[in-house]
Structure formats: C-alpha cells, structure tokens
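# Understanding the architecture of this molecule
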Amino acid sequence: MTTAEKTTQAPTGPILRLTDLGVTFTTETGDVPAVRGVRLDIAPGETLALVGESGSGKSTVALAAMGLLPGNARATGSAAVGGRELIGTPEAELAGLRGRAASMVFQEPATALDPLTRIGAQIAEVIRNHRTLPAREAAREAVELLRRVGIPDPEQRATAFPFQLSGGQRQRVVIAMAIANSPSLLIADEPTTALDVTVQAEILDLLRSLAADAGTGVLLVTHNMGVVADFADRVAVMLEGEIVETGTVEEVLLRPRHAYTKRLLGAVPRLAVAEPGAAPAGAGETPPAGDEVVGLREVSVRFGRGPRAVQALSDVTLTVHAGETVGLVGESGSGKSTAARVALGLVQPSAGSVSLFGTDLRRSRGRARRALLAGVGVVLQDPVASLDARMSVAECVAEPLYVHRGRMTSAERRARVEDVLERVRLPRALANRAPRELSGGQRQRVSLARALVLEPRLLVADEPTSALDVSVQAAVLEVVSELQDEFGFACLFVSHDLAVVQHFAQRVVVMRAGRVEERGSTATTLLHPGTDYTRRLVAAVPVPDPVLQRRRRAARQEAPAAGRTAAGE
Amino acid sequence: MANLLYLIRRVLQAVVVILIVTVVVFCLLHALPGGPARGILGPQATAQQIAQFNHEQGLDKPLPVQYVYYLRTLLHGDLGTSYTLNEGVSQLIAQRLPKTLVLTVLSAVVGLALAVPLGMWQAVRRNKPTDYVITTLSFVAYSTPVYFLGLILVLVFTQLLPWFPSQAPQGDSLGQVFADSNALVLPVIAGATSMVAVFSRYMRAATLENLSEDYVRTARAGGSRQRAILWRHVFRNSLTPVVAMLGYYVPVLFGGSLVVEQLFNYPGMGLLFWSAAQSSDYPVLLGCVLVISVATVVGTLLADILQRIIDPRVKAGTS
Amino acid sequence: MSAVLQPGQAPGVRPPGEPAAAAGRSGTRLALRRFARNRLAVAGLAVVVFFLLFCFVGPLLYSTDQTHTTLTQVNLPPGGAHLLGTDAVGHDELGRLMFGGKVSLLVGLAAGILATVIGTLWGSAAGYAGGWVDAAMMRVVDAGIAIPALFILLVVSAISTPGIAGLILILGLVSWLVPSRLIRAETLTLKNRDYILTLRAIGGTHSRAIARHILPNSVSTIVVAATFQVADAILLVAYVSYLGLGVQPPSTDWGGMLSSGLTAAYSGRWWLIVPPGLAIILVVCAFNAIGDGLRDAFDVRGRG
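Residues numbered from 1 in each chain as written. Chains lettered and ligands numbered in written order. Predicted model: local features only at pLDDT ≥ 70, side-chain atom pairs only at ≥ 80, totals over all residues. Heavy atoms only, no water.

Going by what an unreviewed UniProt entry lists, chain C is known as Peptide ABC transporter permease and is assigned to Streptomyces sulfonofaciens. Listed in UniProt under the heading Subcellular location (unreviewed entry), the comment for chain C reads: "Cell membrane". Heading Sequence similarities (unreviewed entry) of the UniProt record for chain C holds this comment: "Belongs to the binding-protein-dependent transport system permease family." (UniProt positions renumbered as here; feature names shortened; annotations may be inferred.)

If you look chain A up in an unreviewed UniProt entry, it shows as Glutathione ABC transporter ATP-binding protein from Streptomyces sulfonofaciens. Listed under Sequence similarities (unreviewed entry) in UniProt, the entry text for chain A is "Belongs to the ABC transporter superfamily."

Encoded structure:
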C-alpha cells in the first residue's frame, strides 16, 4: 500500500484544523470551561502529540475533533476535519464522517468493545457503516484487517468474543476498527496507558507503521513523555484547557521554552539506560546491611480450587532488610501485588514461609500477631478506595492509633495526627476535611501519613503513585524518601514503572508469571539485565528524549525476534 | 467441560435448596395446631381418636424418623392423600400444575414482550415527559394489589364492555384451555401487569447503564447510528441482567397465580391450594408448597442457563 | 405482587466500582439536594406525610364510631353527613379509611423495617464471613425465596389468626430475603476496599472493620432497601386480609376494607373499594418513588 493511494481523497491543507476551539461543560455546580482558545493543525502523514496532566482538557479536545462530546458539553469556535466543519453539524451527518474521515482509538481496551458481539462482526459493522457491500465481503475484509493489525490466525480469531483476547489484542482490534475505512485522521486517546510496556511498544510500532503506510494524520493524546518521544513529530502542551507551547518533538522535549513544560519534563522519572552495546559492569547482588525485616521463603500461592485454580506465585523468595528499599517490578499478572499481600499477611501462602521481624507470621496469633503488625505501614494504589469516604482526614490517619494505642488520650492522638500530617507536608487545616475534597496527590499523602503514624519499621507501598500525575508523583516520592532518611524504615516498593524503581530502590526483584525472574542491585540489574525478559522489559520503556529513543527503538527492533511474542502477548 | 461442571454444581445447589425447603415444609406440617390429626378429624375429635389417627399415620414416631419417612415417601412421588378430596395429592397436582404453568408462562412472555421495549424506549427518552408518564404508570401498576386490578378488569371488560368472559377457561385438558383463548385474556393481563412494571424498570436501568459504556462510544466513533447501536449492542447487553432477574421473579409469578386463579376461577394449582386452605386440607397445602418451590428452583435454574447462553462471558466463568 | 425485587435492586448483578454512596458530610447534603430535585420522589414524600397525618391526626378532627354497627345507616352513598358513604354495617367510610390506614401503615412500616434488620444482619454476616459459611447461608436464602410468600401466608392463615404483633413478625419473616441478598453484595464489595485491606494489614480487628467501615458505608444501601421493603410490606398487608390472615373485626385495615368490599362493587357500591384501593396504591407508589429517588441520590447503584 502506497502513500499516494490513500492521500488522494484528502485535499491539500491540514486534515484537522482546530481554530479557537472552546468547550464548556454544564454540571450540577454550574458551567465549567474545560478547553479555551485551542488552535492546532495536523497535516497529512503527521503525528501531533497533545500532552498534559489530568484535567488539562486534552481528551476533551480529542472528543471534540470526533464530534463525540457528551450531551452536557457546549463547543464554540471551529473544528474541521478534511475541511468539513464539525461544530453545529447534526448528529446524523457526523455519523457519516466518524469512522471514515476520522476515527478513534480509546484508552481502555477492556471496555471499548461490545462484550457480546464477535470481534469480526464489530469490525464488519464499521465497514458497512460507510460502504455498501455484502455481509460476507465485509467479513472477509474484517479478517484481512485483523491480519494487518497483527492478530495471529485471524480467520479463527474473528469469531472470538472480546473477553477471549488479551488487552493488547483487544487494542489491536480497536485499531482495526479505526483503520477499516482508511480514514485520513486517526485520533488516539492514551492508546497504551492501560497496557504493559512491552505491549505498549508493540502497539506504538503498529500505529506508527499503519499511519506511515496510509499517510494518515495522527492526533495522539497522552500524558507519557516517553510515548511522545517515541511517536510524535510535533507536540502541543496543554495546561488548564489552553495550549501553552507547540513545536517539533525535539524542540519541546529537548529545549522547552514554557515554564510549565520545563517543570513537567523535570518531574518525569527518567530511566537511566546503558548505551546500546555497552559492556555490563560487575553484576551480582550487594549484600544488604541491616537485619531482615520481612522475608518470603519459597512462597507459593494458589487461588481457587479444581481446574479453575490459578497459580499466582511459585517458589518466590524475597527479603527486605532494615533501612533499605526493595523494588518489586513486573508486568500485570506477574504476581508482584500478590507477593506484597503475602508479606502483609493478607494472602495465605499455600506453601513456603513468611517471617515478619524475625517471627513466623503464620504461627503467631492474637495479641502477638497484632503487636507484630503494628510495625507495618501500608500504602495502596487507589487514592479513592484507600480512604473511607465517611471519615475525616484526621480519623483516617488516627485509625492505626485506635487499633494499637487504645490508651492514648484524644489530645495526644490529635497532636500525633497533626504532627504526622505536617511531616507528609499537608496543612493541618486539612485534618477536618473529607477525603473527597482532596486531590489525588493529597489523598496519597494522607494514606502515607496513616501508614507512618505508628512509626513502622516496614512500609509496604503497592503502586503508590501510579494513579497520579508525574509532577504529583515526584512530590509524593520525595516525601517518602525524606521520611525514610529520618525514620529509617525499610520499604517494599511495588511498581510497574522501572524508572521510578530505578530512582527509588536500592535493590530490585523482577517478577514474571508468578516467579522471580531476576534480582540484584538496582543499578546493575536495570542497566545490564541478566535475563532476556528483563532486557526486553527495559528496552520497551520509552525515554523522553526523541533522539535517544529513536536509537533505542532501532536497537529493539533489530534485536532477535526470538524473544518477542509476535502479537501473542 | 466448564459448562458441564457448572451445570453439575448448579444442580447440586438446587438439590440442597430443595432439601432445605422440605425441612421447612416438614416443620410447618408439625406446627399445625394439634398436629395434622386435629385438622382432619375436626374440633370434636376425642383424644383417643387423635391418638389412633397419629398411630395409623406414623405420627407418634420421633421427628427425625418422621422426616426420613417423609423424604422417602417424597422420593416415591407420594405427597400423601387429600383429607377432603379422597384423592392422592400427587394426582391432584399433576392435573392442575400444567394449567398453572400455562398461565404463568403466558403471563411472563406477555409481560417481558411489553416490558423490554418499553424500558428501552424510556431509557432513550430519559427524563422526557414520556419517561415520567411511563415511570408513574409502572409505579401504579406495581402498587395495585392483583385482586383489585382483577376486579377492575372484570368490571370494565365484562360488565362495561362485554368483550371477555369473567371466568377463565374451565376445560380439563390443555387443548380445551387453549381453545377458549378469549377467556385467557383477562387472567393473563392480571398476571402480567406487575411484571411489565418491574421489568420495564430493570430494562430502563440496564439500558441507561449500557448507553454510557465505552463500547457505545467506540461504535459511535466507527460511524454507527443511534438506532443500530441500540438494537445491535445495547439491547443484548441490557437483556443479560434482566434475564438473570427473571430467575428471582419466578416465585412472584407463582404467588400471583394464586390470586389470579382464585379471581377468575381457573382450576390450576393456585385454586387447588386456595380451596385446600379453606378446608384445612394440609396434605394438599404442603404438597403444593413443595411442588411450587421445586418449580421455582427449576425455573431459577433455567433462567441461569438461559443467561449463560446469551452471555459468552458467563459461560467461560470469567465474569 | 409483593415480596418482590425492586427495579434496579438486582441481587448479584450489581456492578463493582463506584463507591457505594456519595456518603458522609457534604455528600449527604449533596444527595439530599439531588433527592429534592427529583419531583416524583418529593411528591412521594408529600403523599406519605399526608397519609400519616390523615390516619394518625385525622381521627382527632373527624371522629367516628368504628366499633359499633349502626344498622340504620348501612350502605349510604357518599354525601351528606358521610362524605364517603357508609359500609354494610353502617361504619362511616372516611373514618374507616383513617382507622384501617393506621393498621396498614403501622404493620407495613414495622414489618418492612424488621425485614431490613434481619436481612442486614444475615446478609452482612454471610458476605463478611465468605467461604462455605456464606454459601450455606445463601442456600437458606435461596430456599426461602423459592417458597412464594403468599403460599406460606395462606398456610399460616389456615393454621392460626395472629394479632398485629404476630402479623408484623410473620411478614418480617417472609420478606427479609431480598434485602439480605442486597446487603451481602454490598458487604462483598466493601470488604475488599483498600481501606479495609489496609486496616487488616496493620492488625485491625474484624469488629472494627464491620462497625467502623462496613456498616456506616452500607447505610445508604440499607436505607434504600428499607424504603422499598416498607412499600412491599404495605402491599403484602393488603394481600394478607384477602388471604384471610388480616386483623379481626371490628378492627380492620385497607386490605380488609378492599377485600370485604369486593362483592359490594358488583352491586355498584364503588365507594367501598375505590377509597381503600386508591389509598393502598398511592402509599405504595409513594414509598417506591421515595426509594427510587433515594437510590439515585445516594448513587446506590450507578446513577442510572
């Protein structure tokens, strides 16, 4: 397929032109302007990345460019696709443009497809929305599209239901639907955010080659600077509904002009990488210094019974020593969270032993067990679900005191709560607020305050910042390391983000499919991985430097395909 | 394989439920004032007559023994003998049950056929006057006792407008029942009304929920029109939870047949049960409770299986 | 029909996610504001308040003799001294509507609340315990649901004639099953919330988890369930008289008035059935509308 073939239908000039676009939402509490005065152009074959943090209005711009804004939104200005104005156009006419002139790939592949319709039929539906052709013909084309997006055995897979596919494969199906009618504009809203890094790399490769083949213009909405560096030609940075900076990817990522862009890029954790081909330094595990705080020994965990049982962990051995931070990394389903839950005593191992502060956790009961657990602090991933909405911030933070320091007077308790809130750098005034009134970052600090109120010897943090924007993440992690220096607690830090772990942990344990794949000091393991799997994991992480990332991508794509699992992720 | 395992597990569950039901029924049997004997021999019976009756019926043995006897007779399909009709309870029920099933299944089919499109229509026209009007009407339909509704139906459609007979078909065989289809109209309306009310509400809620799902947005992004999205995607997805609810609704349907049959003098199990209650015919009462409960358990099981047929995810056990 | 599942209260099909309620502090205020904007729900509230005043304050203003028969004044049509006419034994129909309403409302409210309490205890215990305890407790619920309530009530009526307290108890005992399923589902989602996991990980007790987190967070679900339960119980009370299990003369309730007026309706004495019929429909509708409004306002199951 050549570029010329596809660009004939698009006239010269930009495929997408937004002029002075504004979007206002009508809500229960009044009108909220989400986007103001946005102007941008996308030329045929060009990829523009629209970046910003949550609430910046970037997704709203994407929906406006599809004419898909929800009912309570009001758009002003102009949004034109291939010269056709969208704002004010009746729904029936918009339906004729969607999927043909412009189409869209969404963030959440798990929910983007109709669960009860076979994927082939869903693709065929998009085809037949815009072209009159017999059902059988459309079905054949759907199979062809599945082949193009790299689904193995497409004839057979076309009859599968979405739940039978992995997340990456589902995203490929959504992409197949998007390109079914060769649109001149493809809008991708965080297309890889819900995916593991290795899958993300494959999906980005696929999108890049499809767009290049057909000369499609791409509007890529993302918060991930690494993805931007990997994929975009030009970048527009959004802040609070407005575009604050536009330029080529090199200009914006390497020589940012606007203060916000600089701040944003400064907050992005960067994975330090060895230059391709550099020789590994002396590998091996540095012996940890202090006493063992928590230890899993040959732990196996099996969920369920009978033929449906799932082996979540097999023979996992893991230790954390006083004062150190151990990063537990792996892709989704690798068992890293389960391992953390075993360490916390929330999940009972089916084999192996768990010791906490030198005592066997499974043997201790009642008061002794509770005394043991008083030395543990916990921060979990979800900032919303981590705090009981019915309690005030002070009550949330004080909960461990009620559990373990029953004899404290309320004045002592209040003093302790205020003290610890101050340490996580939250104003005292927040103590009486409800969690709902707090931002995500503030909530995670409240969780952190709760975890530290008893001055624990061990902090277990399961993806504590993965729901947060990068700038907020940086601030929260900074607080954790400061407090760690001050109190000297050990930390088991679970994360999917290699860059964060590299900055935060001294030792790292890489997990894969319920087993420990590799372990060692962070510096050596993540720079010069000892196993193929870790090497692939590291290679798949996009770095926010377009020049370096281009080299890394080339190196990754050259790497023997043996390790890569085509599309069978 | 997964299907078979599921089926086995589900049937075992049903058996456990039925066993619990037999315990409840057995307890009821022994909660009767003066035991079953007093009920049948009447208030004039002497203590000696009662004792003799108890001995003949095996009612003087310890309770667990009686329960085992009871279960054993149940397994032989023997539900005892009617005190007043001098006929086996099993035979009585076997004659009547098919008629009740005809009535309830017809009511359910008519009710669903109306409720599903109505609920979808409401969801599409959410918060518009039609939605409010239908919502209010379904509240009224739900809140009207069936016997009151039946009375109004009879007054309007047999007296004011003499369109339908006030009696349900009286024929002995199902063929005769169906032949007199005109006479089935009012009983079926009475039986279906609250079902329309309840299930149109479910369907409205399910449709609204599905309309806000991501896959609807994907379909719109692919250029599908509202009507196509509604019928091709939202309809089936909304139907799944509604079918699941159907299982829980089976006992309500049977409960309704009790009143409807009495109102329209339809000789099904409801009417049998009713007259047994008037004459304190305990074997018939408890036999009916048992059979209705088993029918309910089976109905729920069928609804579950139907749901698994519609939704492939349930089949794979991933949902 | 009674003892029914309410629309939207789908046991077992409740989707996860979405914190159960816009709960606590300003959340409650927000929910109340949402409720106030729901016209149907506000109208329902007005109807309930009206009938409570009508039945409990009304007799003080409009006093009638509901114990003795007045055979000189039977079957009078509405008008004159008897606004709604008189019945077959000469009771004033308007006064009787108040008199019977007391029983209907009292029994309905009490039985609905009793059913919710039993259901809450059973359902939360099963959901929190999990495993085989949960399975066993839920099979009992299945068995209870499998026996249609009307059949049980008719059997009971063949055995005995309970008083008002007995009636409340029986109605409560046949209708706790649906709320128990709802509360169980709620407990199942709540007990895996991150804040409960965090509490357990630091050694918090089960009683603390239940008392401080699970019950307070189930309040909105329980309140909504109770409202629907009261609606169903009032309807069930109306059936109970029809089945012959109702309160004994000279006392009565709306259902009793309705079923004893059934034959009169054929001879044209509509005033004996229309007022109690309308009263039942209005009150049950009202409680359903309130429940619907509360559910939407507290976001008990999506915003719908």
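So that's the structure; there's more coming.
All right, on to the side chain of Asn237(B) then. Its place among the elements puts Asn237(B) in helix H11 (residues 226–264). When its relative accessible area of 7% is taken as the criterion, Asn237(B) is described as buried. Setting aside anything within four residues of it in sequence, one finds Asn237(B) in contact with Asp114(A), Pro115(A), Leu116(A), Asn210(B), Tyr215(B) and Arg313(B). (Helix = DSSP H or I, 4+ residues; strand = E, 2+ residues; numbered from the N terminus. Buried < 20%, exposed > 50% of the residue type's maximum accessible area, 1.4 Å probe, protein only. Contact = heavy atoms within 4.5 Å.)

Moving on, we get to the pattern of salt bridges. Tallying each qualifying case throughout the model produces 43 salt bridges over all chains. Between Glu422(A) and Arg428(A) there is a salt bridge, with the nearest N and O atoms lying 3.0 Å from each other. Put simply, Asp214(B) and Arg217(B) hold a salt bridge, and the shortest N to O gap is 4.0 Å. Of the two residues, Asp214(B) and Arg217(B) both sit in helix H10 (residues 214–221), three residues apart, roughly one turn of that helix. Note on Asp214(B): relative accessible area 23%, which makes it partly exposed. Under the relative-accessibility criterion, Arg217(B) is labelled partly exposed at 28%. A network of salt bridges, in which partner residues are shared, links Asp205(A), Arg208(A), Asp230(A), Arg553(A) and Arg556(A). (Salt bridge = Lys/Arg side-chain N within 4 Å of Asp/Glu carboxyl O.)

Under the local residue numbering, the UniProt record ascribes the feature "domain: ABC transporter" (unreviewed entry) to residues 16–265 and 296–538 of chain A. Between the end C-alpha atoms of residues 16–265 of chain A the distance is 27 Å, and the span holds 39% helix and 28% strand.

Moving on, we come to the UniProt feature "transmembrane region" (unreviewed entry) in chain C. This chain's UniProt record puts "transmembrane region" (unreviewed entry) on residues 40–62, 103–128, 140–159, 165–183, 222–245 and 270–291 of chain C. Here residues 165–183 of chain C is 89% helix and 0% strand, with 26 Å between the C-alpha atoms at its ends.

Moving on, we get to the interface of chain A and chain C. Of the residues lining the interface, 31 residues belong to chain A; the matching set on chain C comes to 28 residues. Carbon and sulfur atoms supply 52% of the area that chain A and chain C bury against each other, a total of about 2,600 Å² over both sides. For chain A, the biggest contributors to the area lost against chain C are Glu28(A), Leu346(A) and Arg390(A); these three give 27% of the whole. Counting the contacts that link chain A with chain C gives one salt bridge. Of all the secondary-structure elements, those providing two or more residues to the side of chain A that touches chain C are helix H13 (366–373), strand S16 (376–379) and helix H14 (393–404) of chain A. With six residues, H14(A) is the single largest residue contributor to the side of chain A that touches chain C. (Buried area = accessible area lost by both parts, 1.4 Å probe.)

For the rest of this paragraph, the subject is the domain arrangement of chain A. All names here are of chain A. Here the domain parsing of chain A yields domain 1 (3–266), domain 2 (291–302 + 310–375 + 456–540) and domain 3 (393–453). Across the contact, 18 residues belong to domain 2 and 12 residues belong to domain 3. Approximately 1,300 Å² of surface area, both sides summed, lies buried where domain 2 meets domain 3, with 65% of it carried by carbon and sulfur atoms. Among the residues domain 2 hides against domain 3, the three largest losses belong to Arg370, Val479 and Leu483. Together they make up 31% of the total. Where domain 2 touches domain 3, the interface holds two salt bridges. (Domains from an automatic or database assignment.)

Under the local residue numbering, the UniProt record ascribes the feature "domain: ABC transmembrane type-1" (unreviewed entry) to residues 101–291 of chain C. Secondary structure content for residues 101–291 of chain C is 83% helix and 0% strand, while the C-alpha to C-alpha distance between its ends is 21 Å.

With that settled, the discussion passes to the interface of chain B and chain C. With 57 residues of chain B in contact, the opposing surface of chain C contributes 54 residues. The junction of chain B with chain C conceals about 5,100 Å² of combined surface from both sides, 76% of it contributed by carbon and sulfur atoms. Together, Tyr142(B), Tyr147(B) and Tyr248(B) form the three largest contributors to the area buried by chain B at its contact with chain C, with a combined 16%. Where chain B meets chain C, there are one salt bridge. Between Arg201(B) and Asp292(C) there is a salt bridge, and its shortest N-O distance comes to 2.3 Å.

All right, on to helix H8 (residues 177–191) of chain C then. The first and last C-alpha atoms of H8(C) sit 21 Å apart over 15 residues, in line with the 21 Å expected at 1.5 Å per residue. With 12 of its 15 residues buried, H8(C) lies for the most part within the structure. Leu177(C), Val178(C), Pro179(C), Ser180(C), Arg181(C), Leu182(C), Ile183(C), Ala185(C), Glu186(C), Thr187(C), Leu190(C) and Lys191(C) are the residues of H8(C) that are buried. At its buried positions, H8(C) is contacted by H11 of chain B together with helix H4 (93–129), helix H5 (131–146), helix H7 (164–174), helix H9 (194–201) and helix H10 (206–242) of chain C. (Expected span 1.5 Å × (residues − 1).)

All names here are of chain C. Looking at chain C, pLDDT values average 80 and 89% of them are 70 or higher. Mean pLDDT across the elements of chain C ranges from a minimum in helix H1 (residues 25–37), with 75, to a maximum in H9, with 91. Considering only residues more than four positions removed or in separate chains, one finds that residues 1–24, a stretch of pLDDT under 50, has 86 contacts. What the predictor reports for the complex is a pTM of 0.84 with an ipTM of 0.83. (pLDDT = per-residue confidence, 0-100.)

Looking now at the sheet that holds strand S7 (residues 185–189) of chain A. Residues and elements named next belong to chain A. On the basis of which strands lie adjacent, the open sheet formed by six strands has the order S6-S7-S8-S3-S9-S10 and mixed pairing. If you trace the sheet from one side to the other, it starts and ends with strand S6 (102–105) and strand S10 (242–248), each paired once. Across this sheet, the average inter-strand angle for adjacent strands is 20°, counted without regard to direction. Looking at chain direction, strand S3 (residues 47–51) and strand S8 (residues 217–222) are connected through five bridges and run parallel. Its bridge partner lying in S8, Val51 is registered against Thr222. (Pairing = 2+ DSSP bridges. Axes fitted to C-alpha atoms, helices over the stretch in contact; angles between N-to-C directions.)

Another aspect to go through is the nonpolar core. Residues Ile93(B), Phe273(B), Leu153(C), Leu171(C) and Trp254(C) are the most contacted members of the largest nonpolar core, which totals 122 residues. Looking at which domains feed residues into this core, each of domain 1 (16–76) and domain 2 (103–315) of chain B gives three or more. With residues up to four places along the chain from it excluded, the contact list for Trp254(C) reads Phe51(C), Cys55(C), Leu97(C), Gly100(C), Gly101(C), Ser104(C), Leu105(C), Pro276(C), Ala279(C), Ile280(C) and Val283(C). Among the nonpolar cores identified, the runner-up in size contains 57 residues, and Ala49(A), Ala112(A), Ile127(A) and Leu133(A) belong to it. (Core = buried A, V, L, I, M, F, W, Y, C linked by side-chain atoms within 4.5 Å.)

In this section: the environment of Val250(B). Considering the arrangement of structural elements, one finds Val250(B) in helix H11. In this structure, the C-alpha to C-alpha distance between Val250(B) and Val297(B), residues 47 residues apart in sequence, is 8.5 Å.

Right, let's talk about the sheet that holds strand S15 (residues 359–360) of chain A for a bit. Residues and elements named next belong to chain A. Read from one edge of the open sheet, four strands run S12-S11-S14-S15, paired in antiparallel fashion. The open sheet has two free edges, formed respectively by strand S12 (310–321) and S15, since each of these has just one partner strand. Two strands pair when backbone bridges link them, and strand S11 (residues 292–303) and strand S14 (residues 351–356) are joined in this way by five bridges, in the antiparallel orientation. Counterpart to Gly295 in the pairing with S14 is Ser355. The sheet contacts of helix H12 (residues 336–343) involve S11, S12 and S14, and relative to S11 the element is tilted by about 120°.

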